[in-house]
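Chain residues, written in single-letter form:
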Amino acid sequence: MLRLIKPIVFILCLLPLVMLFVNFYHDELGANPFEVLTRSSGEWTLRFLLITLAMTPLRQLTGSAWPLRLRRMLGLFSFFYVCVHLITYVVLDHFFDWDEILLDIIKRPYITFGMLAFILLTPLAMTSTKKMMKRLGRRWKSLHKLIYVIAILGVLHFFLLVKADLKEPVIYAIILLVLFAVRIKPTFLLKSGLNPQ
Ligand code: HEM
C-alpha cells in the first residue's frame, strides 16, 4: 500500500510548483509574476513544514505507520520549496545584488527570521538520510527537534511581512499551536499520572 502512496504523494507535492510554472508560462500570474512566485513558494514551505509536523499526531490518531514513512519526504519538500523561495528572492527580487541582500537580512526582521529558518532547515535536510540517522544516533533526534523552532520562525516571518491583513498568518499560528498542543498533551497527562486515552 505504502509503495503506492509514496509516489502519489511525491507527485502531489510537486504539483504546486508545476502549476506555478504552467501559469507563469501562460502569463497568468498577474501584474507581478515574480512576487507571486516568491509568495507562493514561501507559503508552500510553511504548509509543508506544518504537514510534516502533523505526521506524528496523525500516526497516533490512525494507529497506522504510513504517516511516519512519509514524514521525511514531506520535510524534504519543505526544504525544496524554501530553496525555490530563496532563489526567487535572490535572483528575481534582487538580481544577485549581495550587498543589498545582506542589508535586507540585517535591516528587515522578517528577512532575518526567514534566513534563520532557512539556515536551521539546511542541516535537517542534509542529515535526513538513514545513514546520517545511524551515524548521529541520539543526537539526530535532538537536531531534528529544530523543526519546531523553524516552524515558529516561519510563522513569525509571515507575521512580520504582512502589512495589514493578519488573517492568514493567524491561521498558520493556530494550526502550529494545535500541533504543539497535541504533542504536549499525552506527555503532560502521563507525567501527572492521568491516562491520555
Ligand atoms: C523556512 C523558511 C521560510 C518560510 C516558512 C517562509 C514563508 C513565507 C511565507 C508564508 C510568505 C508569505 C506568502 C504570502 O504572502 O502569501 C513569505 C514571503 C516572503 N519571504 Fe519567506 N519564508 C522562509 C524563508 C525565507 C527566506 C530565507 C527569505 C529570503 C532571505 C524569504 C523572503 C521572503 C520574501 C521576500 C517574501 C515576500 C514578501 C512580500 O511580498 O512582501 N523567506 N515567506
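Residues numbered from 1 in each chain as written. Predicted model: local features only at pLDDT ≥ 70, side-chain atom pairs only at ≥ 80, totals over all residues. Heavy atoms only, no water.

1. Quick word on the coordination of the iron atom of the ligand
Tetrahedral coordination by four donors places them ideally at 109.5 degrees to one another around the metal; octahedral coordination by six donors ideally gives 90 or 180 degrees.
Then comes step 1: The iron atom of the ligand binds to the protein through His 85 (NE2) and His 157 (NE2); the donor distances cover 2.0 to 2.1 Å.
Then comes step 2: Every donor counted, the 6 donor atoms about the iron atom of the ligand form angles of 85 to 179° at the centre, which fits octahedral coordination. Of the two residues, His 85 sits in helix 3 (residues 66-93) while His 157 sits in helix 8 (residues 146-161), which places them 72 residues apart along the sequence. (Donors = N, O, S within 2.8 Å, 3.2 Å for Na, K, Ca; no water. Tetrahedral: all angles 85-135°; square planar, octahedral: opposite > 155°, others 65-115°. Helix = DSSP H or I, 4+ residues; strand = E, 2+ residues; numbered from the N terminus.)

2. Focus: a nonpolar patch on the surface
Then comes step 1: A surface patch of nonpolar side chains, about 810 Å² in accessible area, is lined by Leu 4, Ile 8, Phe 10, Ile 11, Leu 12, Leu 15, Val 18, Met 19 and Val 22.
Then comes step 2: Looking at the secondary structure, you find Val 18 in helix 1 (residues 2-25).
Then comes step 3: In this structure Val 18 comes out as partly exposed when scored by relative accessible area, which is 40%. (Patch = residues over 30% accessible without salt bridge, like charges linked within 9 Å, V, L, I, M, F, W, Y side chains within 5 Å. Areas by Shrake-Rupley, 256 points an atom, 1.4 Å probe, with all protein chains shown as cover. Salt bridge = Lys/Arg side-chain N within 4 Å of Asp/Glu carboxyl O. Buried < 20%, exposed > 50% of the residue type's maximum accessible area, 1.4 Å probe, protein only.)

3. Let's talk about the site of the ligand
Then comes step 1: Taken together, 21 residues are adjacent to the ligand, and Arg 39, Gly 42, Glu 43, His 85 and His 157 come closest.
Then comes step 2: Within the side chain of His 157, one N or O atom sits 2.9 Å away from a nitrogen atom of the ligand.
Then comes step 3: For the shell around the ligand, the elements supplying multiple residues, two or more each, are helix 2 (33-62), helix 3, helix 5 (109-126) and helix 8.
Then comes step 4: Grouping the amino acids of the shell around the ligand by side-chain chemistry returns 11 nonpolar, 7 polar and 3 charged. (Near = heavy atom within 4 Å. Polar contact = N/O pair within 3.5 Å; in protein donor to acceptor, adjacent residues only side chain to side chain. Nonpolar A, V, L, I, M, F, W, Y, C, P; charged D, E, K, R; others polar.)

4. A few points about unusual backbone geometry
Then comes step 1: Positive phi values are uncommon outside glycine, yet Phe 95 reaches one of about 45°.
Then comes step 2: With respect to the element layout, Phe 95 can be found in the loop between helix 3 and helix 4 (98-107).
Then comes step 3: At Phe 96, a position not held by glycine, the phi torsion is positive, near 60°.
Then comes step 4: Tracing the sequence through the fold places Phe 96 in the loop between helix 3 and helix 4.

5. Structural notes on the side chain of His 157
Then comes step 1: Under the relative-accessibility criterion, His 157 is labelled buried at 16%.
Then comes step 2: Engagement of the side chain of His 157 in a polar contact is seen with the backbone oxygen of Tyr 110, the distance being 2.5 Å.
Then comes step 3: Here His 157 is in contact with His 85, Tyr 110, Ile 111, Phe 113 and Gly 114, once residues within four sequence places are set aside. (Contact = heavy atoms within 4.5 Å.)

6. A short note on helix 5
Then comes step 1: Here helix 5 is 18 residues long and its end C-alpha atoms lie 26 Å apart, about the 26 Å a rise of 1.5 Å per residue gives.
Then comes step 2: Every buried residue belonging to helix 5 is among Ile 111, Gly 114, Ala 117, Phe 118, Leu 121, Leu 124 and Ala 125, and all of these are buried. Mapping the buried residues of helix 5 onto a view down its axis gives an arc of 140°, with all of them on the same face.
Then comes step 3: On the buried face of helix 5, the contacting elements are helix 2, helix 3, helix 4, helix 7 (138-144) and helix 8. (Expected span 1.5 Å × (residues − 1). Arc of directions from axis to C-beta.)

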